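The lines below spell out each chain.
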Amino acid sequence: MAHGNPLFNEKAFQQTLTQVRPDKVMTLQGTINKTFFLLFLCVISGMFVWNNYQLVAPFLVPIVIGTFIVAMITIFCKSAAPILAPVYAIGEGIVLGTISAAYQAQYQGIVGQAIVITLLVFGLMLFLYKTGIIKVTRGFILAVTAATGAIALFYLGSLVVGLFGVQVPYFTSTSGLSIGINVGICIVAALNFAIDFHFIDTLTSQVSAPKYMEWYSAFSLMVTLVWLYMEILRLLSRSRK
């Protein structure tokens, strides 16, 4: 679910910039509308499992794998985003609803705090991007992408060794080092928003991208939001132990 943002990169978008009809061109408003729609699906599906998360928990791994597969197909087949992005949002909502409810049962009020902080970070990054305080240069994109790629490899490596019964201390530790790594991952996740904003801005103001890129862009923004939310949730839980 983490990205670097490999979902948003110049090579990926250049592949979509073809001649399209004026009424089939990606717009900023269309992207915003679809982002809210995907978030709505995610929230609704999350609320659906909230009070029954213990029943869903045994099936969480297959749901996570299925959601991941849908995300991968969407990344490599962007034209399918109008269909697959909503499917991803529903699946992600079920996963987040289950995990969030489990955290809430252990730490009262933690989910609300994580949601508020995630939205505040999103708003702050949008402000920093729009005011030009953060400038998305090629160097910035490369640095953030490299950092996110390293984090993705860390997640993947942890998953692989976990299959052999080896537990990575980071995910359970409350040490200063684990908290520091957690904060660093949150910062990298937040910086991905600037890349998201930059490419959406480019696609809607400088080129004529096909309409389905609205769904793909909304999907990509949601991936970043989910990643940041999960890391903030983990960070808050560490502060309560």
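Before going into details, it helps to say that this report is about the structure given with it. (Residues numbered from 1 in each chain as written. Predicted model: local features only at pLDDT ≥ 70, side-chain atom pairs only at ≥ 80, totals over all residues. Heavy atoms only, no water.)

Comments concerning the packing of aromatic side chains
Stage number 1. Summed over the entire model, instances satisfying the criterion amount to eight aromatic pairs.
Stage number 2. Each ring, one from F37 and one from W215, has its centre 6.0 Å from the other, and the planes form 80°; the classification is edge-to-face. You can see F37 sitting in helix 2 (residues 28–50) and its partner W215 sitting in helix 9 (residues 212–239), a full 178 residues away along the chain.
Stage number 3. For F37, a relative accessible area of 37% corresponds to the partly exposed category.
Stage number 4. Considering the side-chain rings of F193 and F197, the 6.1 Å spacing of their centres and the 15° angle between planes classify their relative orientation as stacked. Of this pair, F193 and F197 both sit in helix 8 (residues 176–205), separated by four residues, roughly a single helical turn.
Stage number 5. According to the relative accessible area criterion, F193 is buried, its value standing at 0%.
Stage number 6. For F197, a relative accessible area of 8% corresponds to the buried category.
Stage number 7. Members of the aromatic cluster, joined through ring pairs, are F122, Y129, F193 and F197. (Phe/Tyr/Trp six-rings, centres within 6.5 Å; stacked < 30°, edge-to-face > 60°. Helix = DSSP H or I, 4+ residues; strand = E, 2+ residues; numbered from the N terminus. Buried < 20%, exposed > 50% of the residue type's maximum accessible area, 1.4 Å probe, protein only.)

Considering helix 9
Stage number 1. The terminal C-alpha atoms of helix 9 lie 41 Å apart, and with 28 residues this matches the ideal 40 Å at 1.5 Å per residue to within 8%.
Stage number 2. The buried count for helix 9 comes to 25 of 28 residues, which makes it a mostly enclosed element. (Expected span 1.5 Å × (residues − 1).)

Looking at the side chain of E214
Stage number 1. On the secondary structure map, E214 appears in helix 9.
Stage number 2. In this structure the side chain of E214 is engaged in a polar contact, spanning 2.8 Å, whose partner is the backbone nitrogen of T27.
Stage number 3. Looking at E214, its side chain comes within polar contact range of the side chain of K34, at 2.8 Å.
Stage number 4. Apart from the residues lying within four places of it in its own chain, the contact partners of E214 are V25, M26, T27, G30, T31 and K34. (Polar contact = N/O pair within 3.5 Å; in protein donor to acceptor, adjacent residues only side chain to side chain. Contact = heavy atoms within 4.5 Å.)

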